[in-house]
Amino acid sequence: MLNTQAILDVLRPVQDPELQKSLVDLNMIRNVAVEDGNVSFTLVLTTPACPLREFIVEDCKKAVTTLPGVENVEVEVTAETPQQKALPNQQSVAGTKNIIAVSSGKGGVGKSTVAVNIAVALAQTGAKVGLLDADIYGPNAPTMLGLENTEVQVEKNEAGDILQPAFNYGVKMVSMGFLIDPDQPVIWRGPMLNGIIRQFLYQVNWGDLDYLVVDMPPGTGDAQLTLAQGVPMAGAVIVTTPQTVSLLDARRGLKMFEQLGVKVLGIVENMSYFIPPDAPERSYDLFGSGGGEKASKELQVPLLGCIPLEIALREGGDKGVPIVMSAPESASAQALTAIAQNIAAKVSVAALA
């Protein structure tokens, strides 16, 4: 007979490609309904940014249509992002499911550009996203997110001052850039730096977030220690360019997170090659080539993606319109979107492992 149990039985062999487990056993198939020859059910993915969404839907439809009497299959797709497991001696951020650090071994590799575009790309999928600009000495994220002149509000209550994050392109954000004048340098020692990062974590009205992306300062200093030791993190993403000097520093940053017990989700190679606007069919390896792939193999971590350098990518950062918004069809935007999807998939796998 064509009934709910028959549908679940035929879908049981269909697996989540990332988790390598049955969709039925993972409770990702829900609300099965059968009416005459029409079958409908809900597919609950582990992230709105699932890169294999269409493949999973197609596998489900193929499985159900093998049953006699099935004339039509309707699949409603939703997502429930899993939360990272709490760890002893670490304080979670209320309402935040996953904290992702975007870091680099040195400055000038486009780390903030990657962090901002990843956050916006995740928000475009329907995920609830926050961006914490932890680069206290060089807070550029407000400019890149089109929030340069924003005045944030502070609410006072019995528990202390609560900062209301700024919001644009579906992303909530806090930054030191909102609290100081544009030309004012931040001349702080480590304890003051640690204090403001903890305030940005725990004294901001983040609400419910699927992902909190943290734009880290370059290097292996106090900010990295504060975050890694203070909160349960979903993982870290290391940004580098193909050139040897950048890769050497990236390796040090990667090893630091490993020593602190933070999972390294993978390496992002930025500025992989230059695409001239007047000859988009050409590419030039300005900073060498293959460095990210070589490092990922040697360090045994995934290469999450390679981002080409395009003028529109730089212009988007200067104008406050991330390239995943301004030119989604561009090679850079497509690479960044794919990287965001890969990160989301790996975060879900880690949470459910």
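This write-up is about the structure you can find in this document. In this text the structure is predicted, and so the values were computed from the model without any measurement.

### Some words on the overall build of the protein
A tally of helices and strands in the protein yields eleven helices and 15 strands. On C-alpha atoms alone, the protein measures out to a radius of gyration of 22 Å, which is about the 20 Å that the 2.2 N^0.38 rule sets for 353 residues. Viewed in the frame of its principal axes, the protein has a C-alpha envelope of about 75 × 60 × 40 Å. Counting every position in the protein, which comprises 353 residues, the buried fraction comes to 51%. Restricting the contact set of the protein to residue pairs at least 6 apart, pairs at least 24 apart contribute 74%. Carbon and sulfur atoms provide 49% of the accessible area of the protein, an area that totals close to 16,400 Å².

### Quick word on helix α3 (residues 111-124)
For α3, spanning 14 residues, the distance from its first C-alpha to its last is 20 Å, which sits close to the expected 20 Å at 1.5 Å a residue. With 13 of 14 residues buried, α3 lies mostly within the body of the structure. Looking one or two residues past α3, glycine 126 carries a phi angle of roughly 105 degrees, positive in sign.

### What to know about the nonpolar core
One finds Leu122, Leu132 and Ile343 to be the most contacted residues of the largest nonpolar core, which totals 86 residues. If one sorts the elements of this core by residue count, α3 sits on top with nine residues. Residue contacts for leucine 132: discarding those within four places in its chain leaves Val174, Phe200, Leu201, Trp206, Leu212, Val213, Val214 and Asp215. Ranked by size, the runner-up nonpolar core spans 25 residues in total, among them Val14, Cys60, Leu67 and Val73.

### Re the sheet that holds strand β13 (residues 235-240)
The strand order across the open sheet formed by eight strands is β10-β11-β7-β12-β6-β13-β14-β15, and the pairing between neighbours is mixed. Unpaired on one side and paired on the other, β10 (166-168) and β15 (303-309) mark the two borders of the sheet. In this sheet, neighbouring strand axes are inclined to one another by 25 degrees on average, regardless of whether the strands run parallel or antiparallel. Examined bridge by bridge, strand β7 (residues 129-133) and strand β12 (residues 211-215) share five bridges and lie parallel to one another. Across the sheet, leucine 131 pairs through a bridge with valine 213, a residue of β12.

### Some words on the sheet that holds strand β4 (residues 38-45)
What holds strands together in a sheet is hydrogen bonding between their backbones, with the strands either parallel or antiparallel. Spatial ordering of the open sheet is given by β3-β4-β5, a layout of three strands whose pairing is mixed. With partners counted over all chains shown, the strands left at the sheet margins are β3 (29-35) and β5 (72-79), one partner each. Strand-to-strand twist of the sheet, defined as the mean angle between neighbouring strand axes without regard to direction, takes the value 15 degrees. Alignment of β4 against β5, held across eight bridges, turns out to be parallel. Pairing of valine 44 across the sheet is with threonine 78, part of β5. Its contacts with the sheet put helix α2 (residues 53-64) on β3, β4 and β5, and the angle it makes with β4 is roughly 150 degrees.

### Some remarks on the pattern of salt bridges
In this structure the tally under the stated criterion is twelve salt bridges. Here aspartate 249 ties to arginine 252 by a salt bridge, and the two come within 2.5 Å at their closest N and O atoms. On the criterion of helical spacing, the pair formed by aspartate 249 and arginine 252 is a turn pair, its members being three residues apart in helix α7 (residues 244-259). We classify arginine 252 as exposed; its relative accessible area is 52%. In this structure, lysine 255 engages glutamate 258 in a salt bridge whose closest nitrogen and oxygen atoms are separated by 3.6 Å.

### Some thoughts on the environment of phenylalanine 287
Tracing the chain through its elements places phenylalanine 287 in the loop between β14 (264-274) and α8 (291-299). Using a relative accessible area of 29% as the deciding quantity, one classes phenylalanine 287 as partly exposed. Along the chain, phenylalanine 287 and valine 237 lie 50 residues apart, while their C-alpha atoms are 20 Å from each other. Once residues lying within four places of it in the same chain are set aside, the contact partners of phenylalanine 287 are Pro242, Gln243 and Met271.

### What about the side chain of aspartate 210?
Turning to its location among the elements, aspartate 210 is positioned in the loop between α5 (190-202) and β12. Within the structure, aspartate 210 has its side chain in polar contact with the side chain of threonine 81 (distance 3.5 Å).

### Overview of the packing of α7 against α8
Where α7 meets α8, the axes come as close as 11 Å, and the angle between the chain directions of the two elements is 35 degrees. As α7 runs across α8, the sense of the crossing is right-handed. Facing Leu247, Arg251, Leu254 and Lys255 of α7, the residues of α8 in contact are Gly291, Gly292, Ala295, Glu298 and Leu299. Here the residues of the contact of α7 with α8 sort into four nonpolar, two polar and three charged.

### Some points on unusual backbone geometry
Positive phi outside glycine occurs at glutamine 20, with the angle close to 60 degrees. Summarising the element assignment, glutamine 20 is placed in the loop between β1 (15-16) and β2 (21-22). One non-glycine residue, asparagine 31, adopts positive backbone phi at about 55 degrees. With respect to the helices, strands and loops of the structure, asparagine 31 is situated in strand β3. Its relative accessible area of 59% is what places asparagine 31 among the exposed residues.

Cut-off values and rules
- Residues numbered from 1 in each chain as written.
- Predicted model: local features only at pLDDT ≥ 70, side-chain atom pairs only at ≥ 80, totals over all residues.
- Heavy atoms only, no water.
- Helix = DSSP H or I, 4+ residues; strand = E, 2+ residues; numbered from the N terminus.
- Rg over C-alpha atoms; globule rule 2.2 N^0.38 Å.
- Buried < 20%, exposed > 50% of the residue type's maximum accessible area, 1.4 Å probe, protein only.
- Contact = heavy atoms within 4.5 Å.
- Areas by Shrake-Rupley, 256 points an atom, 1.4 Å probe, with all protein chains shown as cover.
- Expected span 1.5 Å × (residues − 1).
- Core = buried A, V, L, I, M, F, W, Y, C linked by side-chain atoms within 4.5 Å.
- Pairing = 2+ DSSP bridges.
- Axes fitted to C-alpha atoms, helices over the stretch in contact; angles between N-to-C directions.
- Salt bridge = Lys/Arg side-chain N within 4 Å of Asp/Glu carboxyl O.
- Polar contact = N/O pair within 3.5 Å; in protein donor to acceptor, adjacent residues only side chain to side chain.
- Left-handed = near helix turned anticlockwise from the far one by under 90°.
- Nonpolar A, V, L, I, M, F, W, Y, C, P; charged D, E, K, R; others polar.

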